[in-house]
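Chain residues, written in single-letter form:
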There are 2 protein chains.
Amino acid sequence: MGKESDTRERLIRAAMNLFHARGYNAVGVNEICEAANVKKGSLYHFFAGKRDLALAAIDAQWEFFRDELLEPAFATDLPPLERIRRFFIMTCAYHDSARNENGQIKGCPFGNLAMELSANDEGLRVELEKIFGRIGGYLEKALAEYSPGHDARTGAEQLLAYHQGTVLLAKTHNDQQLIEAMAGSAVELARLTATATT
Amino acid sequence: MGKESDTRERLIRAAMNLFHARGYNAVGVNEICEAANVKKGSLYHFFAGKRDLALAAIDAQWEFFRDELLEPAFATDLPPLERIRRFFIMTCAYHDSARNENGQIKGCPFGNLAMELSANDEGLRVELEKIFGRIGGYLEKALAEYSPGHDARTGAEQLLAYHQGTVLLAKTHNDQQLIEAMAGSAVELARLTATATT
DNA sequence: GTGGAACTTGACCGCTCGGTTAACTTTGGT
DNA sequence: ACCAAAGTTAACCGAGCGGTCAAGTTCCAC
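What you are looking at is a predicted structure, and each value in this text was computed from that prediction instead of being measured.

1. Topic: the protein's contact with DNA strand C
Taken together, the neighbourhood of DNA strand C is formed by 15 residues, with A:Thr7, A:Lys39, B:Val29, B:Lys40 and B:Tyr44 sitting nearest. Sugar plus phosphate, as a fraction of atoms of DNA strand C within 4 Å of the protein: 56%. Interatomic distance of 2.6 Å between a backbone N/O atom of B:Val29 and a phosphate oxygen of DNA strand C. Within the contact set of DNA strand C, a base oxygen lies 2.4 Å away from a side-chain nitrogen or oxygen of B:Lys40. Ranked by residue count, the leading element in the surface near DNA strand C is helix H3 (residues 40-46) of chain A, at four residues. Taken together, the residues of the surface near DNA strand C break down into four nonpolar, eight polar and three charged.

2. Considerations on unusual backbone geometry
Residues and elements named next belong to chain A. With a phi angle near 55°, Asn37 is a residue other than glycine that sits in the positive phi range. Checked against the element boundaries, Asn37 lands in the loop between helix H2 (29-36) and H3. Owing to a relative accessible area of 61%, Asn37 belongs among the exposed residues under this scheme.

3. Focus: the side chain of A:Arg125
Secondary-structure assignment places A:Arg125 in helix H7 (residues 122-146). A relative accessible area of 6% means that A:Arg125 is categorised as buried. Discounting chain neighbours no more than four positions away, the residues touching A:Arg125 are A:Ser118, B:Gln104, B:Lys171, B:Thr172, B:His173 and B:Asn174.

About the cut-offs
Residues numbered from 1 in each chain as written. Chains lettered and ligands numbered in written order. Predicted model: local features only at pLDDT ≥ 70, side-chain atom pairs only at ≥ 80, totals over all residues. Heavy atoms only, no water. Near = heavy atom within 4 Å. Polar contact = N/O pair within 3.5 Å; in protein donor to acceptor, adjacent residues only side chain to side chain. Helix = DSSP H or I, 4+ residues; strand = E, 2+ residues; numbered from the N terminus. Nonpolar A, V, L, I, M, F, W, Y, C, P; charged D, E, K, R; others polar. Buried < 20%, exposed > 50% of the residue type's maximum accessible area, 1.4 Å probe, protein only. Contact = heavy atoms within 4.5 Å.

Note that all results are geometric; they support no functional claim without further evidence.
Following this line, the structure appears as structure tokens:
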């Protein structure tokens, strides 16, 4: 019966959750192993080290983020700009439901790691850069559909920055409502750049 | 002759620079002591611990940020919205000149720490929240001058989010030019919210 | 059934972490 | 000149870090 070991998956899931909740350097491999109910030797059987596990965790986080947030938010049942609004609203809802044990908002899993690790690990920096590029792709597609022929790429980068900044502020204030409150201005920002002269 | 020991100040300066360059958890007290040319015992003579030193470093960073960036950027020699543009441009120039040894952009000293520590240390979270509030105050003042009677507070929060997100993206792409490129849209965002109906 | 790879386990490694201690030197008030 | 307080120094913690290893167990192809 295809009951292959799920050790590897448990490790990735535990690492994903712990890194998101508390950051890379604040979480030790022992803690990850305990959370995954896996002995440390097994971790080093499947992964070259903590950093390698982090790469796998980032990948898993991306798949989760794409399937649970990006794809639903940018589904084409709504007009383009309303998808962007929905992206912000769903981000707010997620952060509300996925708080830490201490009641603290976690923030963007990619933004958190990008801030903590970009200056220390070029490889991880590039990996997170790629993920931001993919998120930007969703925004760009919506903008292009809203205003064909315009420079959707730049507008997407602006909206991505606005989204990241909003989540960072929400985390710092520990108030996810801030994200939803910014949804309207995000849409206006999108409309503005899509109709700019340049 | 008033040659009081500057040990304490050297520690704060070293901690400020190292925490900004590589983050809180990635930097050890030994490294800080070496950089400050101070023995560890002296650190614990002046500070209760690493966290306490971090608080002092955040305070020093704030004074630097205020004097070198905020005050010059928001000087009233320019009209309100142009001060906001100058804030972005000066942020870009700063990040260009203050790169790490490895050529990597450091990012916002407060945003970095807020992302890394907000979920782990409520006290530090509140401290960084206060600093964001002060930065927002500068933006709010400019917005209020541009459009008296409007809700400058909300607009300031939006611009602060946009600024933080821009710096995060610049750090992740390791390209400070992105910040300057966003200056124009920041001004448009400011104009937009200052003339909104609500 | 047997052999070999995949996987698991727990003991163990060197190292660095944040922090402590006690003895010493300097400093400033009286 | 004296003394206490302030500051400095180097040796020293226990703990936890990321990582290793060799012996065991499970699993599957043949």
